[in-house]
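The primary structure of each chain is shown beneath.
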Amino acid sequence: MLKSALLRTSAVLKGLLLVFACLSSVRSLEYYTEKPDFMQTCRINEPEFVKCSTSSIQKLMDQLGKGIPEIMEVIGTFDPLKLKPIQFAQDNQGAVTLHANLTEMVATGLSKLVIKESKVSKKDYSWETKIYIPKLRLEGQYKMAGRILLIPLNGAGHMFIEIEKLNILMRTKTRLYEKGGFTFYNVTKIRMDLAPGGLKTNFENIFNGNSKEVERSTNLFFNENWRDFFEALRPLVTETVETTLLDILQKVFHLIPANFFVEDIPTSEQLYAKKKEKKE
Ligand SMILES: *[C@@H]1O[C@H](CO)[C@@H](O)[C@H](O)[C@H]1NC(C)=O
Ligand SMILES: *[C@@H]1O[C@H](CO)[C@@H](O)[C@H](O)[C@H]1NC(C)=O
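The written sequence of each chain sets the order in which its residues are numbered from 1. Each chain takes a letter, starting from A, and each ligand takes a number, starting from 1, following the order in which they are written. Given that this is a predicted model, residues contribute local features only at a pLDDT of at least 70 and side-chain atom pairs are listed and counted only at 80 or more, while totals for whole chains, interfaces and linings are drawn from all residues. Excluding hydrogens and water, the side-chain figures rest on all heavy atoms present in the structure.

Let us look at the state of the cysteines. Note on terminology: disulfide denotes any pair of cysteine sulfur atoms within 2.5 Å. This structure, assessed with the given rule, holds 1 disulfide. With its sulfur 2.1 Å from that of its partner, Cys-42 forms a disulfide with Cys-52. The S-S bond linking Cys-42 to Cys-52 shows a torsion near -85 degrees; that makes this disulfide left-handed. With a gap of 10 residues between them, Cys-42 in the loop between strand S2 (27-32) and helix H2 (49-66) and Cys-52 in helix H2 connect regions that are remote in the sequence. For the purposes of this entry, the term helix denotes a DSSP run of H or I that reaches at least four residues, the term strand denotes a run of E that reaches at least two, and both are numbered from the N terminus.

Glancing now at the confidence of the model for the protein. pLDDT is defined as a per-residue confidence score from the predictor, taking values between 0 and 100. Per-residue confidence for the protein gives a mean pLDDT of 88; residues scoring 70 or more make up 85%. Note on contacts: a residue pair qualifies if any of its non-hydrogen atoms lie within 4.5 Å across the two residues. Every residue in residues 9-27 scores below 50 in pLDDT, and together they form 28 contacts with partners more than four places removed in sequence or on other chains.

Surrounding ligand 1, one finds Gln-87, His-99, Asn-101, Lys-143 and Ala-145. Any pair of nitrogen or oxygen atoms within 3.5 Å is treated as a polar contact; in protein, a donor-acceptor pairing is required on top of that, and neighbouring residues in sequence qualify only through side-chain atoms on both sides. In the environment of ligand 1, an oxygen atom lies 2.3 Å from a nitrogen or oxygen atom belonging to the side chain of Asn-101. Protein chains shield 45% of the accessible area of ligand 1, which is 360 Å² for the free molecule. Looking at the shell around ligand 1, the elements that each hand over two or more residues are strand S5 (96-108) and strand S7 (127-148). Being near a molecule or strand, for a residue, means having at least one of its heavy atoms within 4 Å of it. For accessible areas, the Shrake-Rupley method is used with a probe of radius 1.4 Å. Any residue's cover is judged against the shown protein chains and nothing else.

Another aspect to go through is the packing of aromatic side chains. Here the distance between the centres and the angle between the planes together describe a pair of aromatic rings. Whether two aromatic rings pair depends on their centres lying within 6.5 Å, for rings of Phe, Tyr and Trp, where Trp uses its six-membered ring; planes under 30 degrees apart make the pair stacked, over 60 edge-to-face, and the rest tilted. Tallied over the entire structure, the rule returns 11 aromatic pairs. Here the aromatic cluster, defined as three or more aromatic residues joined through ring pairs, consists of Tyr-142, Phe-203, Phe-221, Phe-222 and Phe-229. Above the ring of Phe-160, the side-chain terminus of Arg-137 is found at 4.2 Å from the ring centroid. It is Arg-175 that lies over the ring of Tyr-272; its NZ or CZ is 3.7 Å from the centre. Only lysine NZ and arginine CZ atoms are considered, and such an atom sits over a ring when it is within 6 Å of the ring centre and within 35 degrees of the ring normal.

Given below as structure tokens:
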């Protein structure tokens, strides 16, 4: 009991709130109650906010790359990053019909992510973020049926897609909420616009065991026509990146109070009460 009490005291001193699930002390971090050293705090009502916020989010991303222990407990490393299995189905949207299942997927390159601009709306605290990734590689096992660039595919095996000079415009919706005297972001929705500067790909066994020669020439064709290839795969790639980042951002922002990013953020009561008044 004494040992457990001491542990508790020292943890609180470190600024962490620990939750003891039971006497056998199964613990898990709930959220930060003290600002971590790597964080830079900004004020939204000051003129240089966008510049400050851009640098603040960059620092957060750099730290994610180095490893924030409480985040690693839930997502593992940020680079390489293990992705959850993805099931994708798209029917009759233009010329594209594609069904794909991606498993054992790993993304590399996220630690080189550059935040070019981070804007936060004072109206609803949604975000608009410009991101640049020099090289994002997605690699794993695929199962695919459908058509890409009019080529009927039905295969399964190892694949990679390497996207170069990737610019992303990310629009994020949030809902503020209160926890332990802090205001937090609940990240509810992400929309991404991807603009790649180049792409390399290889799908093994893309015709399910048929000629290796045809497989090679098809992959060559995809690489030579990478812009069209990317357009065909855009919904699949976008969904993969959106789902992955939404998951990470939700976890990060349930852990770190919004006050540590935006010092003068209103409480949820203040923000949403004001909105109600305006409607009436
Ligand atoms: C993907 O997985 C689902 C569920 O296991 C299955 O119904 C579907 O046929 C699979 N798609 C492909 C292209 O293999
Ligand atoms: C965050 O939003 C989702 C719905 O978008 C909701 O289900 C969840 O309860 C919210 N979490 C908190 C802590 O407010």
